[in-house]
Amino acid sequence: MRITRARALGTCFGVRDAIDAALSSSISTDLTIVGQLVHNPQTVQKLHEAGVQMVDSIDDEIQTRNVMITAHGAPASLKQKLSDRGHIVYDATCPLVLRVHQAIRRLVAEGWHPVVIGQPDHVEVRGIVGDLDEYTVISSVDDLTQLEGRSRVGIVCQTTHRIRQAKEILEQIGHRFPTMEVEFIDTVCKPTKDRQEAVEELSLQVDVMIVVGGANSSNTLKLLKVCQENGITAHHIESQAQLEPEWFASADHVGITAGTSTPHEVIDQIHARLIQISKSGDLASE
Ligand code: SF4
């Protein structure tokens, strides 16, 4: 059984830098992270072990002096509130998320109605729109009715959105609102695009795809969706312990991909377990 890793997979620089900052010995023992730094159970465990505290929102009790904003970002007003309460704010917002904040501010300043293509309840999207008086979030073509009556819309994307789906939404806007002026800024980040393109390529070559990432990781679920759309059997797992040998009983070629918050050590463990499974007596007899 051949095993191939997607040419781009796993932790991106934004998530890696945020984790390194949180684990920095100078702050980790007096640090609270607001929200999930990464959607990855192994990394969350490592942070707990280092003494880092985590809360879901700034409305929860925060007992440490240092507070970290995650790579997903937050509205400026939220960071200000934390400073006003006397906390030292460590802003681990990824530069590519900050680019989306800048893009939408520019669109608003130029008089466009701001629109985000993304998941309305995702922390990154809440951060992008959190300081705006008025905005629209579109997660699929079904939401386009929300744009009725608008004449000028300026559109950005959640950084981890599928660029293919964003383009479909843009096409539909063109069909349904032919007189609407549209300014689109493609803010899907390069690491996300690289992983989406790589899984697209690899899923066409393999019999089974293993998609590694947190159960609630939005970008991992999008990688899974690419496999499903290409008609490939794909299994979404968080760790090597979830691999089932029978998944590979008739597989000649297995691919591995992983979301942007999956550490490379977790991918290595899964790869090693796949090699072990491929060499096991059960499969050798297939
Ligand atoms: S997925 Fe993209 S935007 Fe998000 S942290 Fe990684 S590089 Fe930054």
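Parameters and conventions
Residues numbered from 1 in each chain as written. Predicted model: local features only at pLDDT ≥ 70, side-chain atom pairs only at ≥ 80, totals over all residues. Heavy atoms only, no water. Phe/Tyr/Trp six-rings, centres within 6.5 Å; stacked < 30°, edge-to-face > 60°. Lys NZ or Arg CZ within 6 Å of the ring centre and 35° of its normal. Buried < 20%, exposed > 50% of the residue type's maximum accessible area, 1.4 Å probe, protein only. Helix = DSSP H or I, 4+ residues; strand = E, 2+ residues; numbered from the N terminus. Arc of directions from axis to C-beta. Contact = heavy atoms within 4.5 Å. 1 Å grid on protein atoms, 1.4 Å probe; cavity = no way out; pocket = protein on both sides within 12 Å on 5 of 7 lines; lining within 4 Å. Points joined across faces, edges and corners; volume = space filled by probe spheres on them. Nonpolar A, V, L, I, M, F, W, Y, C, P; charged D, E, K, R; others polar. Domains from an automatic or database assignment. Buried area = accessible area lost by both parts, 1.4 Å probe. Salt bridge = Lys/Arg side-chain N within 4 Å of Asp/Glu carboxyl O. Polar contact = N/O pair within 3.5 Å; in protein donor to acceptor, adjacent residues only side chain to side chain. Near = heavy atom within 4 Å. Sits in = over half its atoms within 2 Å of the grid points. Core = buried A, V, L, I, M, F, W, Y, C linked by side-chain atoms within 4.5 Å. Axes fitted to C-alpha atoms, helices over the stretch in contact; angles between N-to-C directions. Parallel < 35°, antiparallel > 145°, perpendicular 65-115°, else oblique. Left-handed = near helix turned anticlockwise from the far one by under 90°.

1. Focus: the packing of aromatic side chains
Alright, step 1. By the definition in use, this model includes one aromatic pair.
Alright, step 2. Lying across the ring of Trp-112, Arg-152 places its NZ or CZ 3.8 Å from the centre.

2. Quick look at helix H2 (residues 41-49)
Alright, step 1. Listed in full, the buried residues belonging to H2 are Thr-43, Val-44 and Leu-47. With its buried residues spanning 100 degrees around the axis, H2 presents them on a single face.
Alright, step 2. In this fold, the buried residues of H2 make contact with helix H1 (13-22), strand S2 (31-34) and strand S3 (53-55).
Alright, step 3. One or two residues past the end of H2 sits Gly-51, with phi positive at roughly 95 degrees.

3. Notes on the layout of surface pockets
Alright, step 1. The space that makes up the largest pocket amounts to roughly 620 Å³.
Alright, step 2. Lining the largest pocket are 31 residues; nearest its centre among them are Gln-119, Asp-121, His-122, Val-123 and Arg-126.
Alright, step 3. Where the lining of the largest pocket is concerned, the elements lending two or more residues are helix H5 (123-129) and helix H8 (218-229).
Alright, step 4. Here the lining of the largest pocket takes five residues from H8, the largest share from any one element.
Alright, step 5. Grouping the constituent residues of the lining of the largest pocket by class yields eight nonpolar, 16 polar and seven charged.

4. Notes on the domain arrangement of the protein
The figure often quoted for interface size is the accessible area lost as the parts come together.
Alright, step 1. Its domain assignment divides the protein into domain 1 (2-10 + 190-284), domain 2 (13-93) and domain 3 (96-184).
Alright, step 2. With 10 residues of domain 2 at the contact, the number on the domain 3 side is 11 residues.
Alright, step 3. For the pairing of domain 2 and domain 3, the buried interface totals around 750 Å² over both sides, and the portion due to carbon and sulfur atoms is 62%.
Alright, step 4. It is His-72, Pro-75 and Thr-93 in domain 2 that bury the most area against domain 3; as a group they hold 55% of the surface buried on that side.
Alright, step 5. At the surface where domain 2 touches domain 3, the tally comes to zero salt bridges.
Alright, step 6. Our count for the domain 2 to domain 3 interface comes out at two residue pairs in polar contact (both at pLDDT 80 or more).
Alright, step 7. Along the lines of polarity and charge, the residues of the side of domain 2 that touches domain 3 split into five nonpolar, five polar and no charged.

5. Observations regarding empty space enclosed by the protein
Alright, step 1. Applying the stated rule across the entire model yields two cavities of 30 Å³ or more.
Alright, step 2. In this structure, the largest cavity encloses a volume near 250 Å³.
Alright, step 3. The wall of the largest cavity is formed by 23 residues, among which Cys-12, Val-15, His-72, Thr-160 and Thr-260 lie closest to the centre.
Alright, step 4. Looking at the lining of the largest cavity, the elements with two or more residues in it are H1, helix H4 (95-109), helix H7 (190-203) and H8.

6. Topic: the site of the ligand
Alright, step 1. Taken together, 13 residues surround the ligand, and among them Cys-12, Cys-94, Thr-159, Cys-189 and Pro-191 come closest.
Alright, step 2. When each cavity is represented as a set of grid points, the ligand is found to reside in the largest cavity.
Alright, step 3. Elements supplying a minimum of two residues to the shell around the ligand: H1, H4 and H7.
Alright, step 4. With three residues, the single largest contributor to the shell around the ligand is H1.
Alright, step 5. Of the residues contributing to the shell around the ligand, the split by class is eight nonpolar, five polar and no charged.

7. Description of the nonpolar core
Nonpolar side chains tend toward joint burial in soluble globular proteins.
Alright, step 1. Ranked by size, the top nonpolar core spans 31 residues in total, and within it Met-209, Ile-210, Leu-243, Phe-248, Ile-270 and Leu-274 carry the most contacts.
Alright, step 2. At the level of secondary structure, the elements contributing two or more residues to this core comprise H7, strand S10 (208-212), H8, strand S11 (233-237), strand S12 (253-258) and helix H9 (264-279).
Alright, step 3. Ignoring any residue separated from it by four or fewer positions in sequence, one finds Ile-210 in contact with His-235, Ile-237, Leu-243, Trp-247, Phe-248, Val-254, Gly-255, Ile-256, Thr-257, Ile-270 and Leu-274.
Alright, step 4. The next biggest cluster of nonpolar side chains, apart from the first, holds 19 residues, and it includes Ile-19, Val-52, Met-68 and Ala-71.

8. Points about the packing of H7 against H8
Alright, step 1. Relative to each other, H7 and H8 sit at 30 degrees, their axes nearing to 9 Å. Comparing the axis directions of H7 and H8 gives the class roughly parallel. Handedness of the crossing formed by H7 with H8: right-handed. Contacts between H7 and H8 pair Arg-195, Gln-196, Val-199, Glu-200 and Ser-203 from the former with Leu-223, Val-226 and Cys-227 from the latter.

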